[in-house]
Amino acid sequence: MDDSTPAMTPDATRDADRTTREPVVVVDHVNKHFGDLHVLKDINLTVGKGDVVVVLGPSGSGKSTLCRTINRLETFESGQILIDGQPLPEEGKALAQLRADVGMVFQSFNLFAHKTILQNVTLGPIKARGQNKAAAEKRALELLERVGVAQQKDKYPAQLSGGQQQRVAIARSLAMDPKVMLFDEPTSALDPEMINEVLDVMTSLAKSGMTMIVVTHEMGFARRAADRVVFMADGEIVEQNTPEEFFTNAQSSRAKDFLSKILTH
Amino acid sequence: MGELFAQYNIFAAFGMTILLTVFAAIGSLVIGTVVAIMRVSPVGVFQRAGAFYVNTFRNTPLTLLIIAANIVMIVNLGFSFSEDIARDNIIWAIIALSVYHAAFVCEALRSGVNTVPVGQAEAARSIGLTFGQSLREVLLPQAFRGAITPLGNTLIALTKNTTVATAIGVAEISGLMKQMIEFRSDLLLPIFLIVAIGFVILTLPVGILTTYLSNRLAVKR
């Protein structure tokens, strides 16, 4: 893979009419297999600073895998991924450092079960960034305040509702001051009445200029907060467009089919 | 019964049993943790070396290990820690007990690791912790809690297995029991009772403590 600068790749130029912002995440011809299954087929995606990209698609389309690959929780076979111009390292300390810059919010929250809410948020800043405890706690409390769970700071994750846990997970990622945040179906494990409290936090994050890649089934959020919708099917990016264009005027038959299934129920 | 206590230093013999137990518990916990980390590490060579350790020592009779420690290490190879033979035997008994029980500690810890959901490790990595930090801060603290009950079982087994050290002449309680049986066969029942009750006193609190701890420290999910 020659290292032509991301801006020179054909896909980046194609994206350039959508975003003239400096690219934070560049996914460049990435391929991945699970055994015989080709889960990511030559994926190209450029996400600029402050962009909010929502990835939609039927289940099994590879959108979660793409999200996890950007953080290298999944390996890939060919192509490259650049975060802020740096290629993802293979393993070790360099990868850990790069991951510190990429926030990740999981479907199943994954708060550290043996640590309090406050400790969950301060662990990364103290251990991975070497901040002192007092500063980390001060910042953590601000973030917990921002996501509305500051009163719960001394409780353990299991004592919180799903919606509260997910908001803590967002605060935990924010505490690392990430360059980009990945959301892997953040509301799929939540009871319906708790979905909005999480989406509200995400919407305000999007408004504040955070660069976000969101895998979700929440069409309302996509319309409201996304700069761009990326539609995936069978491991490929089938089309990408602004939310209005995508929802009202999808080009591909697979996207039309997908939309007809989810918008009519 | 009083006669026995007057004639033999039963407390000293139990003292030796406790000494063997405490040091072998510490040794096996340290070695077992290292081997367990090898077995759960992402490096193939370490995994295989860890599995080899467990399979070798878990499947070797303890008596054989202790006698081998005495004969091979001290007599044949001359690895001696002390001029005092009795002291040397105690040290080698502790080493053999540690090495043997480390295999069980490793498996107890590994079962504890398996109680920790994959997502915990992924979350730890995603906030930028290194492999070592993820282990120390997230995985092992939860794994230890999940492993308390099997670790307690191993500790109880270890306490009773210290009796094997008598095979190389360590003056712990089962050695003394043999002496008492030989010279005071008129008091057989009291002799057995004293030793049996002594072990119950040593091991029962371990069981109660680990049950208490595993309830108290259980990771709520």
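Rules behind the numbers
Residues numbered from 1 in each chain as written. Chains lettered and ligands numbered in written order. Predicted model: local features only at pLDDT ≥ 70, side-chain atom pairs only at ≥ 80, totals over all residues. Heavy atoms only, no water. Helix = DSSP H or I, 4+ residues; strand = E, 2+ residues; numbered from the N terminus. Contact = heavy atoms within 4.5 Å. UniProt positions renumbered as here; feature names shortened; annotations may be inferred. Buried area = accessible area lost by both parts, 1.4 Å probe. Salt bridge = Lys/Arg side-chain N within 4 Å of Asp/Glu carboxyl O. Phe/Tyr/Trp six-rings, centres within 6.5 Å; stacked < 30°, edge-to-face > 60°. Buried < 20%, exposed > 50% of the residue type's maximum accessible area, 1.4 Å probe, protein only. Lys NZ or Arg CZ within 6 Å of the ring centre and 35° of its normal. Axes fitted to C-alpha atoms, helices over the stretch in contact; angles between N-to-C directions. Parallel < 35°, antiparallel > 145°, perpendicular 65-115°, else oblique. Nonpolar A, V, L, I, M, F, W, Y, C, P; charged D, E, K, R; others polar. Pairing = 2+ DSSP bridges. 1 Å grid on protein atoms, 1.4 Å probe; cavity = no way out; pocket = protein on both sides within 12 Å on 5 of 7 lines; lining within 4 Å. Points joined across faces, edges and corners; volume = space filled by probe spheres on them.

Asks: Run through the side chain of His 101 of chain B, naming residues and quoting values.
Replies: Take His 101 of chain B: it is sitting in helix α5 (residues 85-113). Not counting residues within four places of it along the chain, the set of residues in contact with His 101 of chain B comprises Ser 28, Leu 62, Thr 154, Ala 157, Leu 158 and Asn 161 of chain B.

Asks: I'd love a proper account of the UniProt feature "domain: ABC transporter" (unreviewed entry) in chain A, names of residues and values included.
Replies: Residues annotated by UniProt as "domain: ABC transporter" (unreviewed entry) correspond here to residues 25-259 of chain A. Here residues 25-259 of chain A is 39% helix and 26% strand, with 27 Å between the C-alpha atoms at its ends.

Asks: Describe the interface of chain B and chain A, and please don't skip the residues or the numbers.
Replies: If you look at the interface, chain B gives 20 residues, while chain A gives 23 residues. Each partner contributes to the roughly 1900 Å² buried at the junction of chain B and chain A, and carbon and sulfur atoms together form 61% of this total. On the chain B side of the interface with chain A, the three residues burying the most area are Ser 126, Ile 127 and Glu 137 of chain B, jointly 32% of the side's total. In this assembly, chain B and chain A are joined by 3 salt bridges. The residue Glu 137 of chain B makes a salt bridge to Lys 127 of chain A at a minimum N-O spacing of 3.4 Å.

Asks: How would you explain the packing of aromatic side chains if you had to name every residue and give the values?
Replies: Residue and element names in this part refer to chain A. Inspection of every chain in the model, using the stated rule, returns 8 aromatic pairs over all chains. Relative to Phe 246, the ring of Phe 231 lies with its centre 5.8 Å away and its plane at 35°, an arrangement referred to as tilted. Of this pair, Phe 231 sits in strand β9 (residues 228-233) while Phe 246 is found in helix α9 (residues 243-248), placing the two residues 15 residues apart along the sequence. By the burial criterion, Phe 231 is buried, and Phe 246 matches it. An angle of 75° between the planes, with centres 5.5 Å apart, marks the rings of Phe 246 and Phe 247 as edge-to-face. Overall, Phe 247 belongs to the buried group, its relative accessible area being 8%. By way of ring pairs, the aromatic residues Phe 231, Phe 246, Phe 247 and Phe 258 are connected into one cluster. The residue whose ring lies beneath Arg 72 is Phe 76, and the NZ or CZ to ring-centre distance is 5.4 Å.

Asks: Go over the packing of helix α7 (residues 131-161) of chain B against helix α9 (residues 188-216) of chain B, please, and point to the residues and values.
Replies: How two helices pack is summed up by the angle between their axes together with the distance between the axes. Residues and elements named next belong to chain B. Relative to each other, α7 and α9 sit at 170°, their axes nearing to 9 Å. Judged by the inter-axis angle, α7 sits roughly antiparallel to α9. Only Phe 199, Leu 202, Thr 203, Val 206, Gly 207, Thr 210, Leu 213 and Ser 214 of α9 make contact with α7, whose side of the interface consists of Ile 148, Thr 149, Gly 152, Leu 155, Ile 156, Thr 159 and Lys 160. For the contact of α7 with α9, the per-class residue count stands at 7 nonpolar, 7 polar and 1 charged.

Asks: Can you lay out the UniProt feature "domain: ABC transmembrane type-1" (unreviewed entry) in chain B for me, pointing to particular residues and giving the numbers?
Replies: Here, UniProt's "domain: ABC transmembrane type-1" (unreviewed entry) annotation points to residues 14-210 of chain B. A helix fraction of 81% and a strand fraction of 0% characterise residues 14-210 of chain B, whose end C-alpha atoms lie 22 Å from each other.

Asks: Talk me through the sheet that holds strand β5 (residues 86-87) of chain A; I want residue IDs and the actual numbers.
Replies: Residues and elements named next belong to chain A. The sheet built from 4 strands is open, its strands ordered β2-β1-β4-β5 with antiparallel pairing. The open sheet has two edge strands with one neighbour each: β2 (37-48) and β5. Relative to strand β4 (residues 78-83), strand β1 (residues 23-34) runs antiparallel, the two being bridged by 5 bridges. Its bridge partner being in β4, Val 25 is matched across the sheet by Ile 83.

Asks: Outline the sheet that holds strand β8 (residues 212-215) of chain A, listing residues and values.
Replies: All names here are of chain A. Strand order in the open sheet made by the 6 strands is β6-β7-β8-β3-β9-β10, with mixed pairing throughout. Edge strands, defined here as strands with exactly one partner in the open sheet, are β6 (102-105) and β10 (236-241). Shown here is a sheet whose adjacent strand axes are inclined to one another by a mean of 20°, direction ignored. Here strand β3 (residues 52-56) pairs with β8 via 4 bridges, running parallel. In the strand pairing of β8, Val 55 is matched with Val 215.

Asks: Run through unusual backbone geometry, naming residues and quoting values.
Replies: Residue and element names in this part refer to chain A. Phi angles above zero are rare outside glycine, and Arg 72 is one such case at about 55°. Position of Arg 72 relative to the elements: it lies in the loop between α2 (63-70) and β4. A residue is classified by how much of its surface remains accessible, and Arg 72, at 10% relative accessible area, is buried. The residue Asp 177 is not glycine, and still its phi comes out positive at about 45°. Positionally, Asp 177 belongs in the loop between α6 (162-174) and β7 (180-184).

Asks: Tell me about empty space enclosed by the protein, and please be specific about residues and values.
Replies: One simple way to see leftover space: roll a probe sized like a water molecule over the atoms. All names here are of chain A. In the structure shown here, the tally under the stated rule is 2 cavities of 30 Å³ or more. In this structure, the second largest cavity spans a volume of roughly 30 Å³. Together, Arg 146, Val 147, Leu 174, Val 201, Ser 204 and Leu 205 line the second largest cavity. The dominant element in the lining of the second largest cavity, judged by the number of residues it contributes, is helix α7 (residues 192-207), at 3 residues. A class-by-class count of the residues in the lining of the second largest cavity yields 4 nonpolar, 1 polar and 1 charged.

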